[in-house]
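The chain contents come next:
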Amino acid sequence: MTMDYVLVGVAAFLVGAVICGFICFKLGVKHRIKTAEAQFESAEKEAARIIAEANEKAATKKKTALVEAKDEIHKLRSSAEKEIQHLKNDTERELKERRSELSRSERRLQQKEENLDKKTDKIEKLEEQLQAKHKKADEKIAEADQLKASQMDILERISGFTTEQAKEHLLQMLDSELSHEKAVRITAFEQRIKDESDEKARQYVSLAIARLAADTVSEMAVSVVAIPNDEMKGRIIGREGRNIRALETLTGVDLIIDDTPEAITLSSFDHVRREIARIALERLIQDGRIHPARIEETVEKARREVELRIKQEGERAVMETNVNGLNHELVRLIGRLKYRTSYRQNVLNHSIEVAHLAGIMASELGVDPVLARRAGLLHDIGKALDHEIEGSHVQIGVDVCRKYKESPEVIHAIEAHHGDVECRTVIAALVQAADAISAARPAARSENYENYIKRLEKLEEICNSYNGVDKSFAIQAGREVRIMLKPEAISDDGMKVLARDIAKRIENEMEYPGQIKVNLIRESRAIDFAK
């Protein structure tokens, strides 16, 4: 029983505690609701106050903006009225000035009209006087004719000759006297010309040489390329010599790498090849990437650059000699003479020199100096193609100039400058003389060097004449000829037979010191692209 009462008491306590907690919670909620309602009412009042203040400020700003706008409108209206008044004043002033100018013009026109009327009157009076003078002159001419006729009748009776007979007799006497005097004068003139011609010729030639005074340039067969250090020599040679072999094969130039510090020597008789090799080697050294593919690309770029320089040299020569209207192909051929020598004399410089000499002498003799300079500049144009076309450079030059529509005087001067045909014009004689002067100056030419060049050219010509040969290069001062073969045309076994044939022909047709190495190279390439 006691336990039951205890349990009932505990349960009653717990129920009372729950009831009390619920009542307390409900009272707390009501208090919070009242507090929130009071805060909401306060917030509404504050919001109403802020809105009222904002409306008051907006109304104030609106009034202020209206006042400012009215002031601005008043200012703009005043400024516009002033500007309109100023324009009206300027217009009135301009109209006044124009009216005054028109008045002055009218007065000037009236004065001119009055002057013209006065001049017209004077001209009419002068015409009347002139007509009177003409009438008097006609009368006097008629009197003179009558007097002349009477005098002629008297002279005919006295002389016993008619007028025509007297004229014939006088002309016969005069013709006899003039023939004798003419013969005497011609003889004296011829003698004077003979006495003065040699002296005049020496004077003109000396004057032309003195006015030109060109330097003599001797072309060498080697070029030296500076390198930053001696380690670069090994990179240029490459693994197992592949780099130097590729460079020599592509350019046809012999690279001499010896103990000379920080320098590599390029050797070739062909100035174009040597220049291409020099430019390519300098760019490879500067770039630092030296391998066969890069060498091939650089050599091709250098070859294009040399072609551009050839064009520029031709244009420079044309401008320097003041020769206009040349065909662009002739200009390019003139530029190629920059890399051509004749007896160690640069042919381009020689042609420019001949043009100047011929022009100076033509001016002294009173003939066309422009035509003389043109013929002098083109007289050796055939030497730009004599490696490619058979025949003398004179005939090649004549054919080329005839192809590009040069004048007959220029073509004849080219044809006659070595005495192949007789000079028929003064221009041709001057070009022939100028060519001899330019070649005869001290140190202008060297026979030994020319023979050396001809020997190397003959060596390459023999090698290129065989079928299957792509190109050949004479190197090592002519002690070796390197021949590039077409792999599809010559087999490996055929190389030995071809090498023997070329060597035998060189022995039979050429004269040379020592021995010549015939080096045949057959290379096959396979190229594809990964895509």
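Our subject is the structure listed above.
Our subject in this report is the structure included herewith.

Cut-off values and rules
- Residues numbered from 1 in each chain as written.
- Predicted model: local features only at pLDDT ≥ 70, side-chain atom pairs only at ≥ 80, totals over all residues.
- Heavy atoms only, no water.
- Salt bridge = Lys/Arg side-chain N within 4 Å of Asp/Glu carboxyl O.
- Helix = DSSP H or I, 4+ residues; strand = E, 2+ residues; numbered from the N terminus.
- Buried < 20%, exposed > 50% of the residue type's maximum accessible area, 1.4 Å probe, protein only.
- Core = buried A, V, L, I, M, F, W, Y, C linked by side-chain atoms within 4.5 Å.
- Contact = heavy atoms within 4.5 Å.
- Pairing = 2+ DSSP bridges.
- Axes fitted to C-alpha atoms, helices over the stretch in contact; angles between N-to-C directions.

Turning our eyes to something else, we now look at the pattern of salt bridges. When charged atoms on two side chains of opposite charge get close, those side chains can pair. For the structure shown, the criterion picks out 30 salt bridges. Of the charged contacts, one joins Glu101 and Arg104 as a salt bridge, the two residues approaching to 2.4 Å between their closest N and O atoms. Taken together, the positions of Glu101 and Arg104, both in helix H1 (residues 2–159) and 3 residues apart, correspond to about one turn of that helix. In this structure Glu101 comes out as partly exposed when scored by relative accessible area, which is 35%. The exposure class of Arg104 is partly exposed, given its relative accessible area of 34%. With its nearest N and O atoms 3.9 Å apart, the salt bridge here joins Asp399 to Arg402. On the criterion of helical spacing, the pair formed by Asp399 and Arg402 is a turn pair, its members being 3 residues apart in helix H10 (residues 393–403). Through salt bridges with shared partners, a single ionic network connects Glu275, Arg278, Glu282, Arg283, Glu305 and Arg309.

A general trend in soluble globular proteins is that nonpolar side chains are found buried together. In this structure, Leu326, Leu333, Ile334, Leu377, Leu378, Ile381 and Ile427 are the most contacted members of the largest nonpolar core, which totals 41 residues. For this core, the elements supplying multiple residues, two or more each, are helix H6 (292–321), helix H7 (328–336), helix H8 (347–365), helix H9 (369–378), H10, helix H11 (408–416) and helix H12 (426–440). Take this core: its biggest share by element is 9 residues, from H8. Filtering out sequence-adjacent residues up to four positions away, Leu333 remains in contact with Ile381, Ala384, Leu385 and Val400.

Among all positions of H10, only His393, Val394, Ile396, Gly397, Val398, Val400 and Cys401 are buried. Lining the buried residues of H10 we find H7, H9 and H11. Looking at the residues trailing H10, positive phi occurs at Lys405, about 60 degrees.

Its identity as a non-glycine residue notwithstanding, Glu262 has a phi of 55 degrees, on the positive side. Look at Glu262 and you get partly exposed, because its relative accessible area is 43%. A positive phi angle, near 60 degrees, is found at Lys405, a position not held by glycine. Summarising the element assignment, Lys405 is placed in the loop between H10 and H11. Since its relative accessible area comes to 73%, Lys405 is described here as exposed.

Within a sheet, neighbouring strands are paired by backbone hydrogen bonds and run either parallel or antiparallel to one another. Read from one edge of the open sheet, 3 strands run E1-E3-E2, paired in antiparallel fashion. At either end of the open sheet lies a strand with only one pairing partner, and these are strand E1 (222–226) and strand E2 (254–256). Direction aside, neighbouring strands of the sheet carry axes that sit 25 degrees apart on average. Note: E2 against strand E3 (residues 263–267), 3 bridges, orientation antiparallel. Across the sheet, Asp254 pairs through a bridge with Ser267, a residue of E3. Strand contacts of helix H5 (residues 271–287): E1, E2 and E3, with the helix running at about 10 degrees to E1, the strand carrying the most contacts.

In short, the description is geometric, and any link to function would need to be established separately.
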